[in-house]
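Structural characterization, general
Spelled out from the first residue to the last, the chains are:
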Amino acid sequence: MATAVRRKPWIHTWTDEDGIQRQAKIHYTRDDRTVVWSPRYLGDEEPWFDGDYELSNPAAYFGDEELVTLGDPNDPWFGLIDPDEDEEFD
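Residues numbered from 1 in each chain as written. Predicted model: local features only at pLDDT ≥ 70, side-chain atom pairs only at ≥ 80, totals over all residues. Heavy atoms only, no water.

**Brief notes about the overall build of the protein chain**
To be explicit about the condition: A run of H or I in DSSP becomes a helix once it reaches four residues, and a run of E becomes a strand once it reaches two; helices and strands are each numbered from the N terminus. Summary of the burial criterion: residues with accessible area below 20% of their type's maximum are buried, those above 50% are exposed, and those between are partly exposed, where the area comes from a 1.4 Å probe applied to protein chains only. Any pair of residues with heavy atoms lying within 4.5 Å of one another is described as a contacting pair. Accessible surface area values rest on a Shrake-Rupley calculation with a 1.4 Å probe, where residue burial reflects the displayed protein chains alone.
Secondary structure summary: the protein chain contains 0 helices and 5 strands in total. Within the protein chain, the fraction of its 90 residues that count as buried is 29%. Excluding contacts between residues fewer than 6 apart, the proportion of contacts in the protein chain whose partners are at least 24 apart in sequence is 39%. Within the structure as shown, the protein chain displays about 6400 Å² of accessible surface, and the carbon and sulfur contribution to it stands at 46%.

Below, the structure is given as structure tokens:
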């Protein structure tokens, strides 16, 4: 396996049906979770939201320290994370 790397969230850009360009900061995590940056209020300690849950479900929200991302799926090194070699992973 290649050297383990802690990936940063990636920015996904798209154009919606009204022609407006949108962006979202996304984590793809090792445990097959996809979360988007969606803080509920200023200073939110759990600003990442998993859309597979209802908005009212506390299990839908994650903090930065809870996520180790696989990075941008267009990156040739996508998914190469080994927690045994990642010094920042606890």
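**Digging into the pattern of salt bridges**
The line we're drawing: By salt bridge we mean one thing: a side-chain nitrogen of Lys or Arg within 4 Å of a carboxyl oxygen of Asp or Glu.
Under the criterion given, the structure shown has 3 salt bridges. With a shortest N-O distance of 3.8 Å, glutamate 46 and arginine 40 are connected by a salt bridge. The exposure class of glutamate 46 is partly exposed, given its relative accessible area of 30%. With a relative accessible area of 40%, arginine 40 lands in the partly exposed category. By sharing partners, the salt bridges in this structure join Arg40, Asp44 and Glu46 into a single network.

**Some words on a negative patch on the surface**
Quick note on the threshold: Patch definition: residues above 30% relative accessible area lacking any salt bridge, with like charges linked at up to 9 Å and the nonpolar side chains Val, Leu, Ile, Met, Phe, Trp and Tyr linked at up to 5 Å. Residues counted as positive are Lys and Arg, residues counted as negative are Asp and Glu, and His and the chain ends are not counted. For the purpose of locating charges, the reference atoms are NZ of Lys, CZ of Arg, CG of Asp and CD of Glu.
Residues Glu45, Asp64, Glu65 and Glu66 make up a contiguous surface patch of negative charge. Relative to the elements of secondary structure, glutamate 45 occurs in the loop between β3 (34–37) and β4 (48–49).

**Some details on the sheet that holds strand β1 (residues 10–15)**
The condition is simple: When DSSP locates at least two bridges between a pair of strands, those strands are taken to pair.
The strand order across the open sheet built from 5 strands is β1-β2-β3-β4-β5, with neighbouring strands paired in antiparallel fashion. Unpaired on one side and paired on the other, β1 and β5 (61–62) mark the two borders of the sheet. Note: β3 against β4, 2 bridges, orientation antiparallel. Looking at the pairing, valine 36 lines up with phenylalanine 49 of β4.

**Section: the packing of aromatic side chains**
Rule in force here: Stacked, tilted and edge-to-face are the three classes assigned to paired rings of Phe, Tyr and Trp, where Trp is represented by its six-membered ring and a pair needs centres within 6.5 Å; plane angles under 30 degrees give stacked, over 60 edge-to-face, the rest tilted.
A full pass over the atoms with the stated rule returns 2 aromatic pairs. Between the aromatic rings of tryptophan 37 and tryptophan 48, the centroid separation amounts to 5.1 Å while the plane-to-plane angle is 75 degrees, which identifies the pairing as edge-to-face. Of the two residues, tryptophan 37 is situated in strand β3 and tryptophan 48 in strand β4; the sequence distance between them amounts to 11 residues. Geometrically, the ring pair formed by phenylalanine 49 and tyrosine 61 is tilted, given 5.2 Å between the ring centres and 45 degrees between the ring planes. Highlighted residues: phenylalanine 49 in strand β4 and tyrosine 61 in strand β5, separated in sequence by 12 residues. Assigned by exposure class, phenylalanine 49 and tyrosine 61 land together as buried.

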